[in-house]
Structure formats: C-alpha cells, structure tokens
Amino acid sequence: MRQLIGVLLLFSFCACTSSEEKEVMQVEELSMQQEQTIDFERNKKHSSLYGKLKRSRYLRDPNKMHIRAGKELGIEPFRKNADFLAVRDSILSNEILFYLEDGEFYRKKKMSHSYPYLTKEAIDLIKELSERFQKNLEKKGQENYSLLITSALRTEESQKKLRRSNRNATKDTTSHLFGASFDVSYWDFYRNSNGEIYRYKNLQKILTNTIKELRNEKKCLVIKETGHYCFHITVMQ
C-alpha cells in the first residue's frame, strides 16, 4: 500500500516535468522511499501491540502507541494537502482509503483540518462503535442518537495548521496522518428524530462505557481529549 501511494505521487509530479527532470526526480524519489518506507502487510490482522495491551479503566493510551498502530495498519503520511488531493481518486479506486459516508448511527461533522477518508478497518470500527452505542442507549431507555465524527485523515501540512488553533494537537506526529484514526465527539450528539444537536451527561457516560468495551476487547486505542471534547481513537485490528 505504501509503495503504491509513492508511485501515485511520483506519477502525478512527473507529469508536470520535463523528461530530464523526470529521470532525476525518479531516482531521488525511489531512494527516499527505500529509506523511509516501513514494511507493511496489506492483510495484517492487528497491530503488534495487540498482545501487549492490558485492560484499563482509563482512556489514556499514550500517543506513541497510537502512532505505532497507525504506522502498522495505515498508509504512508502525506506531507502536503496537494500531495493527497493529487492522488485521491487513485487511492479510492485502489481501495487504499475509503470515503467516510454518514451511517445509520453516525454522522460526520464539517472537517476544517482533515479529510473524511479512512482505512476500511477504521470505518468498520466506527460502524461497530455506533451500533453498540445504539444498543446501549436502548438498554437505558434513551432515544436514538447518532455519533458525530469530527476528524479523520490529516496531512503534515493540515496538522501543522491545526496546532495554531488547538492546544490538543500534539507537537509530535499524530496517528491521524495514517488514516487509521478518527475523533468522535463526547459533547455533541445528533438526535435522529429531529436532526438537532443535544448535550447530555448521560449520553457521554454511555458513550464512554461503550468505548471502554471496545478498548478492553483490544479493538482500539483511545485518548480522551478535553479541549475539543472528543475521543481520539485508533484502530487496532
């Protein structure tokens, strides 16, 4: 997958250069890929952290763990927004990433510093999370609410811009770069019956307990972010 993205980027760039420049850039790009590319198994079932992850009452998995899982299960990061946009169609057609459509029990909010694209495994996790959340709502006699997905894929460029406005945006690298992480709001919930946004403490508690279930089943890593009222979640399998 990482090699394919590198080839797509290379093709896009070389289309705008002379034949002589193409040859030079081709050698440099391939050399860079050989140095930076991390081995990636397309059909890897779970992160190498899977066997080391312990049950926890707290949703505080370190950022370095999210990054490691993202590198193992995600894509090679894009430096610039333009790099991603140049090969977006090819990435979708090759099923490397998938567009995040609104689901039955989840909706995406407008994303100002990220793109609504994720790996298949990350989207499957969103679906499972939203369905479990719905079942837990029903057990508590609550109305139907959908989760709000607030962030997905980022480039190094968009992450840098985000740091200027969000104190929660890590100064280190972020697992959002790999397409295997997303943020879900624990503050705003979409009521399916009327399309309005509501904020209830009991909904936050039900969502928190639902995420803990998935975390303790080793399906994801989680950080609770207080500044932007969201759970940062990275797929584990």
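Everything quoted here is computed from the prediction, not taken from an experiment.

Draft legend 1. Representation of the packing of helix α5 (residues 120–139) against helix α7 (residues 201–216) within the structure. At a minimum axis distance of 9 Å, the contact between α5 and α7 shows a crossing angle of 130°. Judged by the inter-axis angle, α5 sits oblique to α7. The crossing of α5 and α7 is right-handed. Packed against α5, whose contacting residues are L125, E128, L129, R132, F133, N136 and L137, the element α7 presents L203, I206, L207, T210, I211, E213 and L214 at the interface. By residue class, the composition of the contact of α5 with α7 is nine nonpolar, two polar and three charged.

Draft legend 2. Representation of the pairing of strand β5 (residues 181–185) in the model. Most of β5 is tucked away, with five of its five residues classed as buried. Of the pairings in the sheet, the one linking strand β4 (residues 145–151) to β5 comprises two bridges and is antiparallel in character. Bridge pairing in β5 links I149 to V184. Pairing analysis gives five bridges linking β5 to strand β9 (residues 230–235), with the strands arranged antiparallel. Of the residues in β9, the one forming a bridge with F182 is I233.

Draft legend 3. Summary view of the pairing of β9. A large share of β9 lies buried, amounting to six of its six residues. Residues C230, H232 and T234 of β9 are buried on one face, and the alternating residues F231, I233 and V235, pointing to the opposite face, are buried as well. Strand direction decides the pairing type here: strand β8 (residues 220–225) and β9, joined by six bridges, are antiparallel. Paired with E225 across the two strands is C230, which belongs to β9. The loop that links β8 with its antiparallel partner β9 comprises four residues; one of these, Y229, has a positive phi angle of about 50°.

Draft legend 4. Broad picture of the pattern of salt bridges. One pass over the structure, following the stated rule, counts 15 salt bridges. Here E213 makes a salt bridge to R132, at a shortest N to O gap of 3.5 Å. Highlighted residues: E213 in helix α7 and R132 in helix α5, separated in sequence by 81 residues. Here E213 falls in the partly exposed class, since its relative accessible area comes to 32%. Three or more residues are tied together by salt bridges with common partners; here these are E128, R132, E213, E217 and K219.

Draft legend 5. Spatial organisation of the packing of aromatic side chains. Per the counting criterion, the structure on display carries 10 aromatic pairs. Note on F133 and F189: the rings are 5.8 Å apart at their centroids and 20° apart in plane angle, and the pair reads as stacked. On the criterion of sequence distance, the pair formed by F133 in helix α5 and F189 in strand β6 (residues 189–191) is long-range, its members being 56 residues apart. You can call F133 buried: its relative accessible area is 0%. The buried category is assigned to F189, whose relative accessible area is 0%. Grouped by ring-pair contacts, the aromatic residues F78, F84, Y99, Y115 and Y117 constitute a single cluster.

Draft legend 6. Representation of the nonpolar core. In terms of nonpolar packing, the biggest core is built from 33 residues, with L129, L207, I211, F231 and I233 touching the most fellow members. Those elements that provide at least two residues to this core are α5, β4, β5, α7, β8 and β9. Among the elements that take part in this core, α5 stands out by supplying seven residues, more than any other. Listed in part, the 10 residues of the second largest apolar core include F84, V87, L97 and Y115.

Draft legend 7. A look at a positive patch on the surface. On the surface, a cluster of positive charge is contributed by R79, K80, K160, R163 and R164. Structurally, R163 can be placed in helix α6 (residues 156–163). Look at R163 and you get partly exposed, because its relative accessible area is 33%.

Cut-offs and rules
- Residues numbered from 1 in each chain as written.
- Predicted model: local features only at pLDDT ≥ 70, side-chain atom pairs only at ≥ 80, totals over all residues.
- Heavy atoms only, no water.
- Axes fitted to C-alpha atoms, helices over the stretch in contact; angles between N-to-C directions.
- Helix = DSSP H or I, 4+ residues; strand = E, 2+ residues; numbered from the N terminus.
- Parallel < 35°, antiparallel > 145°, perpendicular 65-115°, else oblique.
- Left-handed = near helix turned anticlockwise from the far one by under 90°.
- Contact = heavy atoms within 4.5 Å.
- Nonpolar A, V, L, I, M, F, W, Y, C, P; charged D, E, K, R; others polar.
- Buried < 20%, exposed > 50% of the residue type's maximum accessible area, 1.4 Å probe, protein only.
- Pairing = 2+ DSSP bridges.
- Salt bridge = Lys/Arg side-chain N within 4 Å of Asp/Glu carboxyl O.
- Phe/Tyr/Trp six-rings, centres within 6.5 Å; stacked < 30°, edge-to-face > 60°.
- Core = buried A, V, L, I, M, F, W, Y, C linked by side-chain atoms within 4.5 Å.
- Patch = residues over 30% accessible without salt bridge, like charges linked within 9 Å, V, L, I, M, F, W, Y side chains within 5 Å.
- Areas by Shrake-Rupley, 256 points an atom, 1.4 Å probe, with all protein chains shown as cover.
- Lys, Arg positive; Asp, Glu negative; His and termini not counted.
- Charge placed at Lys NZ, Arg CZ, Asp CG, Glu CD.

All quantities given are derived from atomic positions and should not be read as evidence of function.
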